[in-house]
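Coordinates in review
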Amino acid sequence: MASSSADPAVFRARRKAELSPPITPPHSAPNSDNEDEVHADDGIPDDYVQYTLRTQKELPPITWRNFLGELNWVSVIAIIATPIIGVYGAFTTKLCWQTALFSVIYYYITGLGITAGYHRLWAHRSYNASKPLEYILAMAGAGAVEGSIKWWSRGHRAHHRYTDTDLDPYSAHHGLFWSHVGWMIFKPRRKPGVADMSDLNRNPVVRWQHRWYLQLLIVFAFIVPTIVAGLGWGDWRGGYFYAGALRLCFVHHSTFCVNSLAHWLGETPFDDKHTPRDHVITALVTIGEGYHNFHHQFPMDYRNAIKWYQYDPTKWFISVCQKLGLASHLKVFPDNEVKKGQLTMQLKKAREISDELTWPSDSNDLPVISWESFQEQAKDRPLILVSGFIHDVSSFLDEHPGGKHLLKKMIGKDATTAFFGGVYNHSNAAHNLLAMMRVGVLHGGMEIEAEKLAQSVPPSQKLQVLTSTEVNALRAATPL
Ligand SMILES: [Zn+2]
Ligand SMILES: [Zn+2]
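These numbers come from a predicted model, not from an experiment. (Residues numbered from 1 in each chain as written. Chains lettered and ligands numbered in written order. Predicted model: local features only at pLDDT ≥ 70, side-chain atom pairs only at ≥ 80, totals over all residues.)

Digging into the UniProt feature "transmembrane region" (unreviewed entry) in the protein
UniProt's feature table lists "transmembrane region" (unreviewed entry) at residues 71–91, 97–118 and 212–234, given in the numbering used throughout. In this annotation, residues 97–118 is assigned 100% helix and 0% strand; the end-to-end C-alpha distance for the span is 30 Å. Taken end to end, residues 212–234 is 91% helix and 0% strand, and its two terminal C-alpha atoms sit 29 Å from one another. (UniProt positions renumbered as here; feature names shortened; annotations may be inferred. Helix = DSSP H or I, 4+ residues; strand = E, 2+ residues; numbered from the N terminus.)

Quick word on the nonpolar core
One finds W122, L137, I149, F220 and I318 to be the most contacted residues of the largest nonpolar core, which totals 47 residues. Of all the elements in the fold, those that place two or more residues in this core are α4 (97–123), α5 (131–142), α6 (149–161), α9 (204–211), α10 (213–233), α11 (236–256) and α14 (313–323). Considering every element that reaches this core, the biggest residue donor is α4, with eleven residues. Excluding residues that lie within four positions of it along the chain, L137 makes contacts with G113, A116, G117, L121 and A129. Among the nonpolar cores identified, the runner-up in size contains 17 residues, and I369, V386, F419 and V441 belong to it. (Core = buried A, V, L, I, M, F, W, Y, C linked by C-beta atoms within 7 Å. Buried ≥ 20, exposed ≤ 12 C-beta atoms within 10 Å, placed from the backbone. Contact = placed C-beta atoms within 7 Å.)

Thoughts on α6
For α6, built from 13 residues, the straight-helix expectation of 18 Å at 1.5 Å per residue is met to within 8% by its first-to-last C-alpha distance of 18 Å. Buried within α6 we find I149, W152, S153, R154, G155, H156, R157, A158 and H159. Along its buried surface, α6 packs onto α4, α5, α8 (198–201) and α9. (Expected span 1.5 Å × (residues − 1).)

Digging into the domain arrangement of the protein
As far as domains go, the protein holds domain 1 (70–345) and domain 2 (363–464). Spacing between the C-alpha centres of domain 1 and domain 2 amounts to 63 Å. (Domains from an automatic or database assignment.)

Description of the pairing of strand β6 (residues 438–442)
Bridge count for strand β3 (residues 368–369) against β6 is two bridges, and the pairing is parallel. Each residue of the ladder has a partner; that of V368, found in β6, is V441. Here strand β5 (residues 389–392) pairs with β6 via three bridges, running antiparallel. In the strand pairing of β6, I390 is matched with G440. (Pairing = 2+ DSSP bridges.)

As for unusual backbone geometry
Look at V145: it is not a glycine, yet its phi comes out positive at around 50°. Along the chain, V145 turns up in the loop between α5 and α6.

Observations regarding the packing of α10 against α11
Where α10 contacts α11, the axes come no closer than 7 Å and their chain directions differ by 140°. It follows that α10 is oblique to α11 by the angle criterion. In this structure, α10 crosses over α11, and the sense of that crossing is right-handed. For the pair α10 and α11, contact is made by A221, F222, P225, T226, V228, A229 and G230 and by W236, G238, G239, Y240, A243, G244, R247 and L248, respectively. A class-by-class count of the residues in the contact of α10 with α11 yields nine nonpolar, five polar and one charged. (Axes fitted to C-alpha atoms, helices over the stretch in contact; angles between N-to-C directions. Parallel < 35°, antiparallel > 145°, perpendicular 65-115°, else oblique. Left-handed = near helix turned anticlockwise from the far one by under 90°. Nonpolar A, V, L, I, M, F, W, Y, C, P; charged D, E, K, R; others polar.)

As structure tokens, this is what we get:
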């Protein structure tokens, strides 16, 4: 190596000297670096997932015989009674436009309580919120009736940490129904995998909401919408049924779709190791949580959608809160790393397409033929030499756009110069097709200068996708 700095030992020493101090956000949560703090995952075995799945007892599968005893009645009432009340109300109450508009607005307010509050703020800490914003989101989230922040975030952290395993409380591998509502209306088959909650356990707003959760739920799910519509435009009944019950049913299924639809419908542009997927329909029904493949790859990013035109009102809301001074330290994953994920998936797709195509024989797989033998064999069939390869053009004689006569003239000859511009500068497609007609390698014909050797590679093979194992095998096979 020419430069001493390229020596690994020197490089390591230099890096050591250059390491910058850890970055501490100025508004990070108090005591966030307290080393004495006890975490739920302190002391878990290294093979925690396998160990737990092996040793922890699981409840028996749900069947038609046992399902009544396995129901979680609190969730059943919340999820099933709400639409029944709402539909009854819709048939017995006239809908006025003010209530209709307010119901939609209140759907977004309580939905954002879950998406911007429960999900992106508390479960993922993707930004810092001021106290007023925390209280607003905690109250709005209570109006969505999905459990307290503490309970919800506990499950969601396990969902990210153990995605698609049985320690994921709503694993998509148990089917769309299970990941949508089954995991709530039935008793969980297992305890969710361990997840650290120490930050939320010391958060006063989270503790306050957990302490008063039932009261907050009743107030923000039913009393507030009833009072707003009642005092606002005299529609008490409509406020209760439309902005209360029916709106709640929509918020429920909209946010439940993040666990079901977002793990089932769409593309995997960032990683295909797990089930999360990106789809605009999921985004539309979940207030922007539909770019779930991105989200599982970069869960601490405050965005779900990274393109400006993609639908992510939760991101827009957080961004507006930042402008209003209510939110700060919005976390964004480095674009360079985001693009690496995208490129990996694009290369994977390209490789799949490449594997489906038929490629020319490699020089190592073809017989080596002497000039004399080439001459001899060319008497019996139309063999033409181009770039050291012998091609049998019999299937192409009548197809040649320049005419059969030009090919016939070159039988038994080296047509390299003629092919690459001497007679006609052939297209890339022509070169690719020619390579498919290879039947042999001329002895000594490949030992040509680098420029000509590069010319012999068909354009379709100049850029190829190789796995690291293949690259390593090539390196090992290349003499030093
Ligand atoms: Zn998910
Ligand atoms: Zn998440």
